[in-house]
Amino acid sequence: MLPQASSSAHSFEILFGVIFWFSLISFLAVSTAIVFFVIKFHRTRRDPFKTPFIHGHTVLETSVAVGLFVVVMIFFIWGWADYKKILNAPQDPLEINVIGKQWLWEMEYSNGRKLINEMVVPKDEPVKLLFSSADVIHSFFIPNFRLKQDVVPGLYTTLWFQASLLGEHPVLCAEYCGSAHSKMLATLKVVSKEDYDTWQKQWEKAKTQKVEEAQEDAASMAEQGKGLFTQKGCTACHTVTGQKLIGPPLNGIFGKEVELQDGSKHFRDENYIRESLMTPGAKMVKGFAPLMPTFQGTLSDSEVNAVIAYLKSLKE
Ligand code: CUA
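Predicted model only: the values in this text are computed from it and were never measured. (Residues numbered from 1 in each chain as written. Predicted model: local features only at pLDDT ≥ 70, side-chain atom pairs only at ≥ 80, totals over all residues. Heavy atoms only, no water.)

## A word on the pattern of salt bridges
Quick reminder of the rule: Whenever a carboxyl oxygen of Asp or Glu lies within 4 Å of a side-chain nitrogen of Lys or Arg, that contact is scored as a salt bridge. Per the convention used, a helix needs a DSSP run of H or I reaching at least four residues, while a strand needs a run of E reaching at least two, with both numbered from the N terminus. Buried means the residue's accessible area, taken with a 1.4 Å probe over protein chains only, is under 20% of the maximum for its type, while exposed means over 50%, and partly exposed covers the values in between.
All told, the structure shown has 10 salt bridges when counted by the stated rule. A salt bridge links R146 to E13; the shortest N-O distance between them is 2.6 Å. Of the two residues, R146 is situated in the loop between β6 (138-142) and β7 (147-151) and E13 in helix α1 (residues 9-40); the sequence distance between them amounts to 133 residues. Take R146 and E13: they sit in the same class, and that class is buried. Of the charged contacts, one joins K193 and D197 as a salt bridge, the two residues approaching to 3.1 Å between their closest N and O atoms. With K193 and D197 both in helix α3 (residues 193-208) and 4 residues apart, the pair spans about one turn of that helix. Assessed through its relative accessible area of 28%, D197 is described here as partly exposed.

Written out as structure tokens, the structure reads:
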């Protein structure tokens with residue numbers, strides 16, 4: 001079984017187990033009865049062959065109906081009580097906005113920090129997720145937490161949890177949302193409260209010292225860009241091996257001409273790549289659908305520069 005990594009995982013597991021075993025035992029009981037009656041009352045064993053007239057049994061029928069109704073209501077009330085717990089977050093939880101896009105997850109912290117396909121949360125602290133979708137219906141599924149929430153365009157949906165197990169937990173999209181649905185994966189990292197605070201403080205410090213940071217990182221921009229390319233989910237749609245996926249392959253394209261949707265030719269230079277990241281529909285490569293999400297507000301200027309540096313470094 002998967003580890004139980006959230007405060008609600010255990011109670012969901014118990015309810016699931018009760019319903020599962022009740023269903024299995026009921027199924028076996030009914031199947032056994034069917035087989036027993038088939039054998040016992042098989043036509044060749046009966047003499048005479050005529051089926052006798054059978055009267056209903058009011059007491060038996062009523063008690064079965066009432067009994068099953070009670071069982072179903074117990075499951076319903078039990079499930080509702082557990083469900084209500086994950087709907088109503090305790091006071092002052094850590095709030096994280098989650099945006100589902102074809103085909104990545106964008107996490108936004110209140111301090112302005114944005115992560116793609118990655119979420120970091122402190123252990124044993126209430127965390128509230130606020131979901132929205134930029135396109136179609138997605139579903140945020142954390143198997144180890146036994147939690148799943150639909151992410152619907154034009155509507156905020158929420159979920160809260162308290163992570164109880166340190167480490168990395170996989171997040172999946174559980175609503176079919178297009179060709180790269182199965183690649184819409186994220187990692188939820190649970191760290192100690194101290195590590196979480198340090199992690200945020202370091203970033204906030206770095207943000208204020210952005211100029212110095214940029215100079216420090218200048219030497220390895222292509223490497224940074226390569227990291228971003230995977231981390232930001234580009235690999236779901238673009239290869240760097242020449243193979244066509246949902247989007248055009250991106251190796252050896254820099255500085256070369258490309259044919260656009262309207263038949264015109266365009267150089268793929270720095271401005272072209274920047275525009276493709278920020279306004280993906282502006283200059284569509286011929287033969288591809290306009291499916292790319294914008295990275296406006298997701299990639300900082302230095303990150304755009306790093307991605308361009310990486311694409312420049314790729315040969316055909
Ligand atoms: Cu998003 Cu499936």
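Anyway, onward from the coordinates.
## Description of the domain arrangement of the chain
For interface size, the figure often reported is the accessible area lost on association. Using the following cut-off: Delimitation of the domains relies on an automatic or database domain assignment. Contact definition: two residues touch when any of their heavy atoms are within 4.5 Å. Once two parts are joined, some of their accessible surface, as seen by a 1.4 Å probe, is lost; buried area is that loss totalled over both. Definition of a polar contact: a pair of N or O atoms within 3.5 Å, with one able to donate and the other able to accept a hydrogen when the atoms are protein atoms, and with sequence-neighbouring residues admitted only if both atoms are side-chain atoms. Residues are grouped as follows: nonpolar covers Ala, Val, Leu, Ile, Met, Phe, Trp, Tyr, Cys and Pro; charged covers Asp, Glu, Lys and Arg; every other residue, Gly included, is treated as polar.
Each domain of the chain was delimited in the assignment, giving domain 1 (1-40 + 88-209) and domain 2 (219-313). Inter-centroid distance (C-alpha atoms) of domain 1 to domain 2 is 30 Å. Facing the 11 residues of domain 1 at the interface are 13 residues of domain 2. Between domain 1 and domain 2 lies a buried interface of about 1000 Å² when both sides are counted; carbon and sulfur atoms form 57% of it. A per-residue breakdown of the area domain 1 buries against domain 2 is headed by W103, K114 and I116, which together make up 42% of the total. Here domain 1 is connected to domain 2 by 1 residue pair in polar contact (both at pLDDT 80 or more). Of all the elements in the fold, those that place two or more residues in the side of domain 1 that touches domain 2 are β2 (104-109) and β3 (114-116). Among the residues forming the side of domain 1 that touches domain 2, the class breakdown is 4 nonpolar, 3 polar and 4 charged.

## A short note on helix α2 (residues 58-87)
Selection criterion: Expected span, for any helix, means 1.5 Å times one less than how many residues it has.
The terminal C-alpha atoms of α2, which comprises 30 residues, lie 42 Å apart, in line with the 44 Å expected from a rise of 1.5 Å per residue. Within α2, the full set of buried residues consists of F75, D82 and I86. In this structure, the buried residues of α2 make contact with α1, β7 and β8 (157-162).

## Some details on the sheet that holds β3
Stated formally: Note on pairing: DSSP must find at least two bridges between two strands before they are called paired. Axis geometry follows a simple rule: fit a line to the C-alpha atoms, using only the stretch in contact for helices, then measure angles between N-to-C directions, giving values from 0 to 180 degrees.
Read from one edge of the open sheet, 5 strands run β3-β2-β1-β5-β8, paired in mixed fashion. The sheet is open, and its two borders are formed by β3 and β8, each paired with just one other strand. For this sheet the average axis-to-axis angle between neighbouring strands, irrespective of direction, equals 25 degrees. Across 7 bridges, strand β1 (residues 94-101) lies against strand β5 (residues 126-133) in parallel orientation. Counted as the bridge partner of V98 is F131 from β5.

## With respect to the side chain of S139
Summarising the element assignment, S139 is placed in strand β6. Sequence-distant contacts of S139, that is, excluding residues within four places in its chain, are made with W105, K148, Q149, D150, V151, L172, C173, A174 and E175.

## Some words on the sheet that holds β7
A sheet is described by the order of its strands in space; here 5 strands give the open sequence β4-β10-β9-β6-β7, paired in mixed fashion. In this open sheet, the two strands that pair with only one neighbour each are β4 (118-122) and β7. The average undirected angle you get between the axes of adjacent strands in this sheet is 20 degrees. Judged from the 5 bridges that link them, strand β9 (residues 167-173) and strand β10 (residues 186-191) form a sheet pairing that is antiparallel. When the bridges of β10 are listed, H169 appears paired with L188. Sitting on the sheet, α3 touches β4 and β10, and the angle it makes with β4 is about 125 degrees.

## Quick notes on the side chain of T239
Mapped onto the elements of the fold, T239 is located in the loop between α5 (221-231) and β11 (257-259). A polar side-chain atom of T239 sits 2.6 Å from the main-chain carbonyl oxygen of Q243. Dropping the residues within four chain positions of it, T239 is found in contact with L245, P249, L250 and N251.

## Some remarks on unusual backbone geometry
Glycine aside, a negative phi is what most residues show, and trans is what most peptide bonds show. Backbone torsion omega between Q102 and W103 reads 0 degrees, so that peptide bond is classified as cis. In this structure, W103 sits in the loop between β1 and β2. Positive phi, close to 60 degrees, is recorded for D124, a residue that is not glycine. By the secondary structure assignment, D124 is in the loop between β4 and β5. According to the relative accessible area criterion, D124 is partly exposed, its value standing at 41%.

## Looking at the nonpolar core
Most often, soluble globular proteins keep nonpolar side chains buried together rather than apart. Here is the rule: Buried Ala, Val, Leu, Ile, Met, Phe, Trp, Tyr and Cys residues that are joined via side-chain atoms within 4.5 Å together make up what is termed a nonpolar core.
M119, F140 and F161 are the most contacted members of the largest nonpolar core, which has 36 residues in total. Discounting chain neighbours no more than four positions away, the residues touching F140 are V98, W105, M107, M119, L129, F131, L147, K148, Q149, V151, V171 and L172. Core analysis: the second largest hydrophobic core is formed by 24 residues, M278, F288, F295 and A306 among them.

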